[in-house]
Amino acid sequence: LNQIMKPICLLGHMRSITQVRFNRDGDLIFTCAKDPHPSIWFALNGERLGSLVGHNGAVWCVDCRWDSEKVLTGSADNSAKLWDTETGKCVLSVDTNSAVRSCGFDFAGTSAMLTTDKTMGYKCTILLYDIRQDPAGQPACQMLVPESKITSAVWGPLSRFLITGHENGDLCQMDVRAQKVIRTEKHHKGAINDIRMYKDGTMFVTASKDHTARLIDSYELQLFKTYKTERPVNSADISPLRPHVLLGGGQEAQDVTTSGAHVGKFDAKFFHTVYEEEFARVKGHFGPINSVGFTPDGRGFVTGGEDGFVRLHSFDNDYFDFEFE
Amino acid sequence: ARLELLGDILAEKPQEKKAINNALVLSGLPIVDSARIERLQVFIRDKFLDKHGEVVKFSMPTDENGNSLGFALCCFQTDQQALDALTDIQGASLDKMHTLNVFKFSDFNRLADADDEWKPPEKAPFVDRGDLRSWLREDRCHDQFGVLHTAGSVATIYWHWPGDPQPVDSATRNNWTESRLHWSPLGTYLATYHTKGIALWGGEKFEQINRFQHKNVQIIDFSPCERYLVTFSPSVTKEDPHAIKMFEVDTGKMKRSFLHEQAAKWPVFKWSHKGEFFARVQTGKALQVFETPSFSLLDKKSISVQDVQDLSWSPTDNILAYWIAETDNQPARVILMTMPEKREVATKMLFNVADCRMHWHPQGNYLCVRVNRYTKKKLDADNTPKYINIYTNFEVFRMREKNIPVEKIEVTDAVSCFTWEPHGSKFAMVQGIASKGLSVVFYQVNAHDIEKVKVLEKRNVNTISWSPIGQHVVLAGLRSANGGLEFIDTSDMKTTANQEHFGATDIEWDPTGRYVVTTVSFWHVKVDNASHVYSSHGTLLYKLNKLERICQFAWRPRPPTLLSDEQIKNIKKNMKTYSRRFEKEDLQSSTRASKELLEKRARLKTEYEKWRAKLLEKFRGEKQKRLELRGVDTDELDSNAQDFVEETLEFPIKVERIRIDKLPQVAE
């Protein structure tokens, strides 16, 4: 991969990016950061559609419903908010006991799941809300997570259960309605920083502090592939179009050096899904990359970094022709 | 407890000396009558015995008529003296008809007790060593090399596939050798050092061929034909005082052993090219030339040469060169002598000689004697000569020409690193002193003269390493110098490359002259131990740096080619046709390497597809549920294309600000 067209840089956040997400159609990009105002952008040209105003603290997570009508955000201000995408108006807000670390709409888009951090007397909790109810004050059900706190969570296929990644590297299937841990697997040695579903929900990729990302099936949590790097992996995603996996990561704090370079040294790494071999790196960020994502059509990708920049790339023809022998 | 004490005391009880080991039997003596018996006794004692020590008892038995019986008995004061005498005089000839046959008295008993019936010796079981030259038959004619690494605790033999050396099966062994690896001259065996002695390994799997006992062996030498192995150990004991032992490689038997009397450079015994003779100098006194397989002195005696200093064999003929130091009434001389005839074929007188060193051309075409000459000589207080104003002459003997003419080259500067070009007629040396700048000078031996063809100035060089096939040479600054490597093609004296391997301690060409390897050995430098492999033109091909603490890199030698010079010339002429074939093979082998990778990837791909197929089955099975949950088919991005709404977005391309200074007046 030699040349990639010059990326579009989205400069909307003053603080480090925490998550970047696309809507299902791929025409909108949602970014949230350690500042209180998540933004929505047009993927076509990087123009900002608007900001979501209402939170008072860092916004850890964002999700867009399958029909692109609603946006969900979770914040360190101990609240999660539901927004109308078109207008940016907050239509629902729920308070939690501690910072909301992950959030996500279920398959149908009628429920929202939140996970909260473990702090000061409050255990890590999973909360499910029925968002059709208005006003929704109380969670439809909730589940306490006694041991290692959840660091990342997504809905499983058909939203029958949640797939959660924990600080100690555990991976679990949680049936919140039945208040049951269906299954636990320990594939990682360090905290799972991010979990991203493949487009059909049958498998997902985990990004971990233990310098690896892994490809795992959603039904039995069976480990199938491992992608190794030399730095903690903060985020990973699976291409919907080609057998490629994208990894974004960090650097141990003590290794950070100031660089006067115009283009930063931190890179996004591309691996072949099946052969587990790294075949390309894309530089650009001035700090560790915190969130990555392929565009839903697989023709580009977006990265958000500690430096507050969000970079939107489009692949050139070489990428689509590139084959491993 | 008392019994134990008793044991100690008993051990100290003076033992009656069994005087056996200091006694010798001398047989093969002439039978003389009573009149001459005393003269014979005196003769024997004078010539053979007295010089080895004090003879405390001597007896020559006679028959009833007073005639000698052909043998004598003698006792020396010490066992050692008897042993020395035995070694020295065994096989010595008294005259044309009589040869001394000496043996220990203790052996006599043994022989006397031997069975009258001769029993044929037990047949040793035949051990099939396999094909000891199997490595030469490798498909692509790759060479092997051995690496001693991990601070000497692991040795590995590799196939040299350029860029990707492969360890030979079962040839990575821990503690294979206790000091270094040593290949035999034709590459057949790998010798390893152990406290107990030497072990030889060979064959496809490097199995142990033979073992040779020599406690604390320190250094070894092979005969050029690989039939014999010579070992040296400084550990000598009263029972076994011989520091140098010679073994027959095939059988493992020790053929002869020697005392190491005077300080000398190794190898003490120098071999003729076919292993038929080996010789050493008894400094100032004689040349000792031995022959194989008897391992006794040629013609049963040393060649007495007064003031002889050193000898050296031609690498291709049975010609022995030696030089004699100058004395007050005689100049120094270099003499060439054929063996076994002992015929002098060339002599050169040299005047004002301080020292000589002999350098044979590897194909025996020339002998160069480097003569250090002086302008003035003084004698020190203790009569050791002190030489002033030393300059160097090189006397080149043209061995292949009738009467072996000698030509002289004079060099006034200090000289070091003299080397001949193999298969060629050039020689090179380093001239000058480090403080003023060293130069490397090349000479060419032509039909009628010796021409200085090139002087390369200001070269920090301490090693000149020629390719074994000639033409290419590397000028290297090893060890304390900065590791500079200059690759030169001497056909046009052009430098083909300048490289640097900082800290390199050793340099070695492969036996075919295709590759040069420089190594930073852990024995000298504790960091950055690696070997770098260069082409003959100086291109760095690859580095062997994944092995830790490399101590030694050693190419496996090859036996000389069976092709005649004529055949080689023909091959060089038809190089193009051969090149085409080999290039094709090279291409095939490079794709062969990735073939393995391709197969691995194909396997991974099928496994992955199988896994995905199972998951997709589940996915498809859930489709109905998905439709229910969302009300539309969203499986693909365009599954619900019919619901797509076209939207036109307008983005301003350009924003321009125009300042309106005055608003137009509006009429009321």
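Parameters at a glance
Residues numbered from 1 in each chain as written. Chains lettered and ligands numbered in written order. Predicted model: local features only at pLDDT ≥ 70, side-chain atom pairs only at ≥ 80, totals over all residues. Heavy atoms only, no water. UniProt positions renumbered as here; feature names shortened; annotations may be inferred. Helix = DSSP H or I, 4+ residues; strand = E, 2+ residues; numbered from the N terminus. Buried < 20%, exposed > 50% of the residue type's maximum accessible area, 1.4 Å probe, protein only. Contact = heavy atoms within 4.5 Å. Areas by Shrake-Rupley, 256 points an atom, 1.4 Å probe, with all protein chains shown as cover. Buried area = accessible area lost by both parts, 1.4 Å probe. Salt bridge = Lys/Arg side-chain N within 4 Å of Asp/Glu carboxyl O. Pairing = 2+ DSSP bridges. Axes fitted to C-alpha atoms, helices over the stretch in contact; angles between N-to-C directions.

- Named according to an unreviewed UniProt entry, chain B is Eukaryotic translation initiation factor 3 subunit B originating from Macrostomum lignano.
- Under the UniProt heading Subunit (unreviewed entry), the entry covering chain B gives this text: "Component of the eukaryotic translation initiation factor 3 (eIF-3) complex."

- The name given to chain A in an unreviewed UniProt entry is Serine-threonine kinase receptor-associated protein, with Macrostomum lignano as the source organism.
- Comment text from UniProt for chain A, heading Sequence similarities (unreviewed entry), reads "Belongs to the WD repeat STRAP family."

## Topic: the overall build of chain A
No. 1: A tally of helices and strands in chain A yields one helix and 28 strands.
No. 2: Scored against the burial criterion, the 325 residues of chain A give a buried share of 62%.
No. 3: Restricting the contact set of chain A to residue pairs at least 6 apart, pairs at least 24 apart contribute 42%.
No. 4: Working note: accessible area of chain A is about 13500 Å², and carbon and sulfur atoms make up 46% of it.

## Regarding the interface of chain B and chain A
No. 1: Counting residues at the interface gives 24 residues for chain B and 31 residues for chain A.
No. 2: Taken together, both faces of the contact between chain B and chain A bury some 2800 Å²; the carbon and sulfur share is 65%.
No. 3: Area buried by chain B at its contact with chain A is led by Arg601, Trp611 and Arg630 of chain B, which between them contribute 26% of it.
No. 4: There are four salt bridges connecting chain B and chain A.
No. 5: With its nearest N and O atoms 3.5 Å apart, the salt bridge here joins Arg160 of chain A to Glu622 of chain B.

## What to know about the sheet that holds strand β25 (residues 353-360) of chain B
Residue and element names in this part refer to chain B.
No. 1: Overall, antiparallel pairing links the four strands, which are arranged β25-β26-β27-β28 in an open sheet. Every other strand in the sheet has two partners, leaving β25 and β28 (406-411) as the edge strands with one partner each. For this sheet, the mean inter-axis angle between neighbouring strands, taken without regard to orientation, is 25°.
No. 2: Across six bridges, strand β27 (residues 385-398) lies against β28 in antiparallel orientation. Bridging across to β28, Glu395 finds its partner in Lys408.

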